[in-house]
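This is what each chain is made of:
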Amino acid sequence: HLSDSAVGDMPMPLEIELVPALSDNYVYLIREPVSGAVAVVDPAEAAPVDIALLAKGWEPSLIINTHHHGDHIDGNAELIAKYGCKLVGPTSEKARIPGMDQTVREGDEITIGNERGMVFETPGHTKGHISVHFPGGNALFAGDTLFVLGCGRMFEGTPEEFWTSLEKLRALPDDTMIFCGHEYTQSNAKFALSVDPNNAELKAQAAEIERKRAQGLPTVPARLGDDRKANPFLRADDPSLAASVGQPDNAIAAF
Ligand code: ZN
Ligand code: FE
């Protein structure tokens, strides 16, 4: 339970449960405690999500999809059939995400009970990809745009688009917790160390990640203020990193 461990004793107006799915996906349950409203983020598959919901005694009224990939939407239909919840996702993905009841663009809000999330359009991994920031919960649901110590594969966007997306997320407050779509942190750390071998903060984080994974613990969520110091994809405009990858004056090329 995140409320018992990773998030520590921070005041958490939102209760957030991490549900491992498929081989390395994370689905999230978000509960706004005053109203009891519950949302599911990116249900890769229905079964583990439903087990987690039953264990908590929670009934979702909303599913949020960050992007159209199957490992983020394939649980939608079964959960909607069981719970009658609504589905919200990116406006530009109407053709690729079936059954959306609400679509959102940059600057729109997604409401869970009394809590409002701000929508950022963050293309790059896919053309229509949204990330949602809940300021009240210090929580960023980044899908496959921003990973801990990495970012998603650039399937549909350009480097300029992807970099612009990451700049938006990087600007959020230090205490924002990154809830991303996959447990890729350990391999991200290896890549990060290969391009940024002299970064002491990165080395310290990589050691902590090894320790957590050896114990079978998730590395997610991670604090944005920490990731910003160690994630090479948030540091493409940092002169030392750009120089180390041979692109001293060009953040986009370094990216
Ligand atoms: Zn994806
Ligand atoms: Fe994914």
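For the structure itself, consult the block above.
Residue positions are given per chain, counted from 1 along the sequence in the order it is written. Naming scheme: in the order in which they are written, chains are lettered from A and ligands are numbered from 1. Totals for whole chains, interfaces and linings use all residues, but because this is a predicted model, local features are given only for residues with pLDDT of at least 70 and pairs of side-chain atoms are given and counted only at 80 or more. Excluded from the side-chain calculation are hydrogens and water; included are all heavy atoms of the structure.

## Thoughts on the overall build of the protein
Helix and strand counts for the protein stand at 9 helices and 14 strands. Here the C-alpha radius of gyration of the protein, 18 Å, is about what a compact globule of 255 residues would show, namely 18 Å. Projected onto the principal axes, the alpha-carbon positions of the protein cover approximately 55 × 40 × 30 Å. Per-residue burial over the protein gives 53% buried out of 255 residues. Two residues qualify as a contact provided that any one of their heavy atoms is within 4.5 Å of a heavy atom in the partner residue. Pairs at least 24 apart in sequence give 58% of the contacts found in the protein among residues at least 6 apart. For the protein, the accessible surface area stands at approximately 10,900 Å², while carbon and sulfur atoms represent 52% of it. We treat Lys and Arg as the positive residues and Asp and Glu as the negative residues; His and chain ends play no part in the count. We put the charge of a Lys on NZ, of an Arg on CZ, of an Asp on CG and of a Glu on CD. Once the 21 positive and 37 negative side-chain charges of the protein are each reduced to a mean point, those two points are 1 Å apart. Each helix is a run of DSSP H or I of at least 4 residues and each strand a run of E of at least 2, with the numbering of both proceeding from the N terminus. To get the radius of gyration, use the C-alpha atoms; to get the globule rule, take the number of residues to the power 0.38 and multiply by 2.2 Å. When a residue's accessible area, from a 1.4 Å probe over protein chains only, is under 20% of the maximum for its type it is buried; when over 50% it is exposed; and in between it is partly exposed. Per-residue and other accessible areas were derived by the Shrake-Rupley procedure at a 1.4 Å probe size, with only the shown protein chains allowed to occlude residues.

## Here we look at the coordination of the iron ion (ligand 2)
For the iron ion (ligand 2), the full set of protein donor atoms is Asp71 (OD), His72 (NE2), Asp144 (OD) and His182 (NE2), and the range of their distances to it is 2.1 to 2.3 Å. Geometry at the iron ion (ligand 2) is irregular, judged from its 4 donor atoms and the angles of 83 to 170° they form at the metal. Each metal's donors comprise the N, O and S atoms found within 2.8 Å of it (within 3.2 Å for Na, K or Ca). Water is not part of the atom list, so some coordination spheres may appear incomplete. Counting gaps between the donor residues of the iron ion (ligand 2) yields the pattern D-H-x71-D-x37-H. In this structure, the iron ion (ligand 2) is positioned 3.1 Å from the zinc ion (ligand 1), and both are ligated by Asp144. In this pair, Asp71 is assigned in helix α2 (residues 70-73) and Asp144 in the loop between β10 (139-143) and β11 (146-147), connecting sequence segments 73 residues apart. When sorted by exposure, Asp71 lands in the same class as Asp144, which is buried. The rule is simple: four donors are tetrahedral if all their angles sit between 85 and 135 degrees, four are square planar and six octahedral if opposite donors span more than 155 degrees and the others lie between 65 and 115, and anything that fits none of that is irregular.

## Examining the packing of helix α1 (residues 46-56) against helix α3 (residues 76-83)
Think of each axis as a best-fit line through the C-alpha atoms, taken over the contacting stretch in the case of a helix, with angles from 0 to 180 degrees between the N-to-C directions. The N-to-C vectors of α1 and α3 enclose an angle of 40°; their axes lie 9 Å apart at closest approach. Taken as a pair, α1 and α3 cross one another with a handedness that is right-handed. For the pair formed by α1 and α3, the contact residues are Ala46, Val49, Asp50, Leu53 and Leu54 on the first element and Glu78, Leu79, Lys82 and Tyr83 on the second. Any residue that is not Ala, Val, Leu, Ile, Met, Phe, Trp, Tyr, Cys, Pro, Asp, Glu, Lys or Arg is counted as polar, Gly included; the first ten are nonpolar and the last four charged. Classifying every residue of the contact of α1 with α3 gives 6 nonpolar, no polar and 3 charged. Crossings are sorted by hand: turned counterclockwise from the far helix by less than a right angle, the near helix makes the crossing left-handed, and turned clockwise it makes it right-handed.

## Quick notes on the side chain of Glu17
Here Glu17 is to be found in strand β1 (residues 15-21). Judged by relative accessible area, which is 12%, Glu17 ranks as buried. Polar contacts involving the side chain of Glu17 include one to the side chain of Lys56, which spans 3.3 Å. Distance and chemistry together define a polar contact, namely a pair of N or O atoms within 3.5 Å, with one atom able to donate a hydrogen and the other to accept it when in protein, and with adjacent residues in sequence counting only for side-chain atoms on both sides.

## A word on the sheet that holds strand β4 (residues 62-64)
Note on pairing: two strands pair once DSSP finds at least 2 bridges between them. As summarised here, the arrangement of the 6 strands in space is β1-β2-β3-β4-β5-β6, forming an open sheet in which the pairing is mixed. Two strands in the sheet have a free side with no partner beyond their single neighbour: β1 and β6 (102-104). Averaged over all neighbouring strand pairs, the angle between strand axes comes to 20°, with direction disregarded. As paired strands, strand β5 (residues 86-90) and β6 are joined by 3 bridges and run parallel to one another. Paired with Val88 across the bridge in β6 is Gln102. Sitting on the sheet, α1 touches β1, β2 (25-32) and β3 (37-41), and the angle it makes with β1 is about 145°.

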